[in-house]
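Spelled out from the first residue to the last, the chains are:
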Amino acid sequence: MALHPTVARVTDRIIDRSRDSRARYLDLITQARDAGVTRARLSCGNLAHGFAAAEADKPALAGDAVPNLAIVTAYNDMLSAHQPYGRYPEQLKLAAREAGATAQVAGGVPAMCDGVTQGQAGMELSLFSRDTIALGTAVALSHAMFDGMLLLGICDKIVPGLLIGALRFGHLPCVLVPAGPMPSGLPNKEKARVREAFAEGKATRDELLAAESASYHSPGTCTFYGTANSNQMLMELMGLHVPGAAFVNPGTPLRTALTRAAAMRCAGITALGDDYRPLGRCVDEKAIVNAVIGLLATGGSTNHAIHLPAMARAAGIVLDWTDMDELSSAVPLLARVYPNGSADVNHFHAAGGLGFVTGELLTAGLLHGDILTISPGGMADYCGEPALADGALVQLPAPTVSADTTILRPVAKPFAADGGMRLLAGNLGRGIIKTSAVAPEHRIVEAPARVFDSQDAVLAAFKAGEFTGDVIVVVRFQGPRANGMPELHKLTPALGVLQDRGQKVALVTDGRMSGASGKVPAAIHVHPEALGGGPLTLLRDGDMLRVDAEAGTLSTTADLAGRTPAPAPVEAPGLGRELFALFRAHSGDAETGAAAILDAAGL
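Residues numbered from 1 in each chain as written. Predicted model: local features only at pLDDT ≥ 70, side-chain atom pairs only at ≥ 80, totals over all residues. Heavy atoms only, no water.

Trainee: Explain the environment of Val 10 here, please?
Mentor: Along the chain, Val 10 turns up in helix α1 (residues 5–17). Among the residues examined, Val 10 registers a relative accessible area of 0% and is labelled buried. (Helix = DSSP H or I, 4+ residues; strand = E, 2+ residues; numbered from the N terminus. Buried < 20%, exposed > 50% of the residue type's maximum accessible area, 1.4 Å probe, protein only.)

See below:
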């Protein structure tokens, strides 16, 4: 089918806007490729250091005919999503040898968990952990020992950070290696119910902890469709996974087979062979558009309104929220996975999963089918479903009919005609709102403002019973330059209680919300941010605000002219936050990715 006209128009606009920066990027990776930035150019002393501990792989590494794959890992055993990676290096090395290659752990990167730091001081390090991961990835790859990259990471900032770093070495092929979601536990809606009961004092801490522990219970990613699982979807729709790898549970024979296949495929697409597929060529304007479309079609995390522009910039591509908003108007919502439904990602996968979604989008002309992927058949290969046949990995055709239409639907009968992520713009700035999890009757809120400088102050007001009528809660000084743009997910239960009482309620903030946030309308990532004089710093309690997701507006009727900006709160010290002052000082706005390292580099 012909490409949808909106998809074609937006893609062409991105290509035109990115022409100069993309050309510079392609020149960069072409020069690296032509210069032969590999171990063949290293001195004997350099090379001896590079394989001193390689044991049986030393003879292969001493020459230059055998591909050597860099493993960059986000392993730690505190986080459920990354704990399975502990044994991956040995699996990958064995598979590489079977493919006539070698592999080395080039380096490790941090992997912090927003679930652990949510509502805590550590959350102020969260966004800029992405920049740290990108820098760590670049350091790992800087040794020029490698012909390909295997990136091991799953959660919120980890995949974007790994990809941003790897794209600066885009002359090398790259495969992202996931580990999969944990099996289903306590239903997410029941967990949310207990959270709201606790916020009202109707559940004890022991009851809350029991509910949380029954939900997050074993190795693997959390099962709701937040940023971590949205990451896995993006890598599939950009063609950077072994097809179908996203949502297979850890510790299963199929997961092991997919992990081995990642190493074997990476070994087969290096410049030393005849099927060279460098990362920088795979991640082009069409691949970025595919990622946005996948995000919209599945109701993915709003955090990617920040991460996708940053990842695109690392490849010389300029993506903005207007592009995402226009695509949202044309892309139907095909999935209902918590928080915009009761199912989790395991249920989504069982209903047909990404193979079904990809097939539907391609057939409807809503995806670019002609991108360069790591898989030989291009995007068509991602319409399959991995399985084991006599112990061997095979790709079966994905279902063409949803196994559960309460979770997954075809393009012809979607849950909604649009993707549910909208740009809001007006005299309070530009922001993003996710409507796919918000009931239609809650998508327009006009109410007086209550203005706060921290989420703890909001919760104190809630506990004191101060929210008795309709309200738009403004939480400012939460932007990247102020305090690192933390997620404000801790507010969700309290604001949900107000909405359940029949009050009209919305949130406006220059901070972020969790990818798991749901039913309360939230205008987030607002820029210009308050620090530095953005409009939010001029608001006062009682100003009438309007959050209108239907019209795409964010506005106030208050006369802001002549008002004195509110003073920024004193920066809190400790927990390493002061070490990230450089990132905060150099960060751009949310719409360009809030990526200090890219802004400082002029990218």
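Additional details are given in the paragraphs that follow.
Trainee: So what exactly am I meant to see when it comes to empty space enclosed by the protein here?
Mentor: Summary: where empty space remains is shown by rolling a probe the size of a single water molecule over the atoms. In the structure shown here, the tally under the stated rule is four cavities of 30 Å³ or more. In this structure, the second largest cavity spans a volume of roughly 80 Å³. Looking at the second largest cavity, the residues that line it are Glu 236, Gly 244, Ala 246, Phe 247, His 349, Gly 352, Gly 353, Leu 354, Gly 355, Gly 384, Glu 385 and Pro 386. Secondary structure elements with two or more residues in the lining of the second largest cavity: α18 (353–363) and β5 (384–389). For the lining of the second largest cavity, a count of residues per class yields four nonpolar, six polar and two charged. (1 Å grid on protein atoms, 1.4 Å probe; cavity = no way out; pocket = protein on both sides within 12 Å on 5 of 7 lines; lining within 4 Å. Points joined across faces, edges and corners; volume = space filled by probe spheres on them. Nonpolar A, V, L, I, M, F, W, Y, C, P; charged D, E, K, R; others polar.)

Trainee: Before we go on, may I ask you to explain the environment of Ala 74 in this structure?
Mentor: Position of Ala 74 relative to the elements: it lies in the loop between β1 (68–73) and α5 (88–98). Given the relative accessible area of 0%, Ala 74 is considered buried. Sequence separation between Ala 74 and Val 497 is 423 residues; the distance between their C-alpha atoms is 37 Å. In this view, Ala 74 contacts His 82, Val 109, Ala 111, Leu 152, Gly 153 and Ile 158; residues no more than four positions away in its chain are not counted. (Contact = heavy atoms within 4.5 Å.)

Trainee: Got a minute to help me understand the pairing of strand β7 (residues 421–426) in this structure?
Mentor: Successive residues of a regular strand alternate their side chains across the two faces of the sheet. Sheet analysis places β7 next to strand β8 (residues 429–434), joined by six bridges and oriented antiparallel. What sits directly across from Ala 425, in β8, is Arg 430. (Pairing = 2+ DSSP bridges.)

Trainee: Just checking my understanding: could you explain helix α9 (residues 188–199) for this structure?
Mentor: The α-helix winds at 3.6 residues per turn, so residues separated by three or four positions along the chain end up facing the same way. Between its first and last C-alpha atoms α9 spans 17 Å; for 12 residues at 1.5 Å apiece the expected length is 16 Å, and the two agree. Residues of α9 that are buried sit in contact with α10 (205–215) and α21 (492–500). One or two residues past the end of α9 sits Gly 201, with phi positive at roughly 80°. (Expected span 1.5 Å × (residues − 1).)

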